[in-house]
Every structure is written in structure tokens, then in C-alpha cells.
Amino acid sequence: MCGGGLLITSRSFLWFTVTLIACMTLLGAIVLPKWLIGPEVIQIPHEEGNFTIYRHPSVGIYNRCKRMGREEYNCGNFDLNGLLTDSSVFPVPWKFTMFLMCVGTMLLGLTLVSMLATCCRVHSFFGFSMHKLLCILQAIAAMMVLFGYLIYPLAWDVPRVRKLCGSDSEAYSPADCTLGISVYLGAIGVLLAFLSTVLSLKAEVAYYSSKAQRRVIDGQVLVCVM
């Protein structure tokens, strides 16, 4: 696969690292049910110790954590039929958010794998620069994730959210709820995704630098350029 050797630059390594972190943070934002944190405090006595665990009900894109009975705290999905789940249970804006963020994150992950081809000195795809192609794909992925991220608050006036946050909850105003860690992970992921598009162009400049290409012409199999 890498018969022509490897060419790794500090900028390409930084590009890969930032993209990897972006994928991980976006995945965490999607999976964790911590987009909105309710004001209620749930006290759960620990069975084996003499202390109490405090929890807050919360809701995510497709899952939630809430009180079950008097002392039980349960986290689970409410998208029982995926995107076909009834809109009264799984609000339409959250369906769009889940779709856009999942597709955008998978596309970003695809570019992450494709970066290995550039390290193997595959510099073009059907005559088009690999770095520029991945830059375009990462920009599309970042825009999809951003749109999904911005659509999510449009459903803050649905019964599910008002039950958690209070009757005054409305789009972009969560009333008594606070923003959870998933919101911040999503914001960091979006910023890193856009940063990746910039780093892809920087990596291309380093890839075609005279220092790197001179060592390739000299026949070196492993080329590492700072």
C-alpha cells in the first residue's frame, strides 16, 4: 500500500490530530444525554455506603436521564424507531440534528482515514489534489455539524423540554435548565472541524515544500519534515 514510502510533516500530523479530536468530541456530544440539565435534584441513597448520590435529569439529542420511581435514576433512548419515531416523542428539529451531526461526523472520520493515503505519498485523486479534496469534504462535514448544532434549540418549546425545564422554555431559551457538557463538546467539535480545513491547506504547503520533495527525489523511503 505504501510502496512509494512515507512522507510525514509536522503540519500533516497536527492536521490529523486536530481532526481526530474533532471526531471524538463530536461523537461524545452525540452520545451523551447531557445537552440540557434540569433543575431538579434526584437523591439516590448508596446501598453499600453511608452517603447519597445526587443526580440531575437531563436530555440529549436522542436519549434522556430521568427519575424512575422514587429512588431510581435511568438513562435510555427515546428514538425507539430511529428517525421514524413519532414527532411528539422525538421532535423533528432533533431528528435533523441527529442526522446532520451523525453524517457530518462520519464524513469527518472518512477524511481522517483518507489522510493516511497522503502520508503514503498519494497526492492526487483522478488528477485532483488529495489535500484540497479532503479540505472540501471537511468543510462540508463542518457545515453539516454546525447546522445540526444550531437546529437543536428550535425544539426547546416542546412538551418534553418544558416538563424538564419549565413552562417558560422556548426556542434558544431553556428557562430553568442549564447547558450540559454535550453542548460544549459540540461547540469544540465544530470549531476543530473548521480548523481542520485550514490545517489541510497548511499541510499541503508542507507536503510540497522543497525540503520534503528533495528528500523524496533522493529516494528516501521514510521522510519526516518538521
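All chains use their own residue numbering, which begins from 1 and follows the written sequence. Note on the predicted model: pLDDT of at least 70 is required for a residue's local features to be given, and 80 or more for side-chain atom pairs to be given and counted; whole-chain, interface and lining totals, by contrast, use all residues. In computing side-chain properties, one takes all heavy atoms of the structure into account and sets aside hydrogens as well as water.

Under the annotation held in an unreviewed UniProt entry, the protein carries the name Lipoma HMGIC fusion partner-like 2 protein and is attributed to Anopheles dirus. In its Subcellular location (unreviewed entry) section, the UniProt entry covering the protein states "Membrane". UniProt positions are given in the numbering used here, feature names are shortened, and annotations may be inferred rather than shown by experiment.

## Structural notes on the state of the cysteines
Pairs of cysteine sulfur atoms within 2.5 Å are what we label disulfides. Applying the stated criterion to the full structure yields 2 disulfides. Sulfur-sulfur distance for the disulfide between C165 and C177 comes to 1.9 Å. Taking the torsion about the sulfur-sulfur bond, which here is approximately -95°, the covalent link between C165 and C177 counts as left-handed. One end of the pair, C165, is in helix α4 (residues 159–165); the other, C177, is in the loop between α4 and β10 (178–179), with 12 residues separating them in the sequence. Of the two residues examined, C165 and C177, each falls in the buried class. Only DSSP runs of H or I with at least four residues qualify as helices, and only runs of E with at least two residues qualify as strands; both kinds are numbered from the N terminus onward. Each residue is placed in one exposure class: buried if its accessible area under a 1.4 Å probe, protein chains only, is under 20% of its type's maximum, exposed if it is over 50%, and partly exposed if it falls in between.

## Description of the UniProt feature "transmembrane region" (unreviewed entry) in the protein
With numbering aligned to this structure, UniProt lists the feature "transmembrane region" (unreviewed entry) at residues 12–32, 96–120, 132–152 and 181–201. Secondary structure across residues 12–32 divides into 95% helix and 0% strand, with the first and last C-alpha atoms of the span separated by 30 Å. Between the C-alpha atoms that bound residues 132–152 there is a distance of 31 Å. The span itself is 95% helix and 0% strand.

## Observations regarding a negative patch on the surface
Only residues whose relative accessible area exceeds 30% and that form no salt bridge enter a patch; like-charged residues are grouped when within 9 Å of one another, and nonpolar side chains (Val, Leu, Ile, Met, Phe, Trp, Tyr) when within 5 Å. Surface exposure here means Shrake-Rupley accessible area, sampled with a 1.4 Å probe, where a residue is shielded only by the protein chains that are shown. Only one rule defines a salt bridge in this text: a Lys or Arg side-chain nitrogen within 4 Å of an Asp or Glu carboxyl oxygen. Under the counting rule used here, the positive set is Lys and Arg, the negative set is Asp and Glu, and His together with the chain ends is not counted. Charge placement uses NZ in Lys and CZ in Arg. For Asp and Glu, CG and CD serve respectively. A cluster of like negative charges, contributed by D157, D168, E170 and D176, occupies part of the molecular surface. By the secondary structure assignment, D168 is in the loop between α4 and β10. For D168, a relative accessible area of 63% translates into the label exposed.

## So, the side chain of Q138
Looking at where Q138 falls in the secondary structure, it is placed in helix α3 (residues 130–151). The exposure class of Q138 is buried, given its relative accessible area of 0%. In terms of polar contacts, Q138 uses its side chain to reach the side chain of T111, at 3.2 Å. We call two residues contacting when some pair of their heavy atoms lies within 4.5 Å. Beyond its immediate stretch of four places on either side in the chain, Q138 contacts W15, T19, L108, T111, M115, S196, T197 and S200. N or O atoms closer than or at 3.5 Å make up a polar contact, with two conditions inside protein: a donor-capable atom paired with an acceptor-capable one, and, for residues adjacent in sequence, both atoms drawn from side chains.

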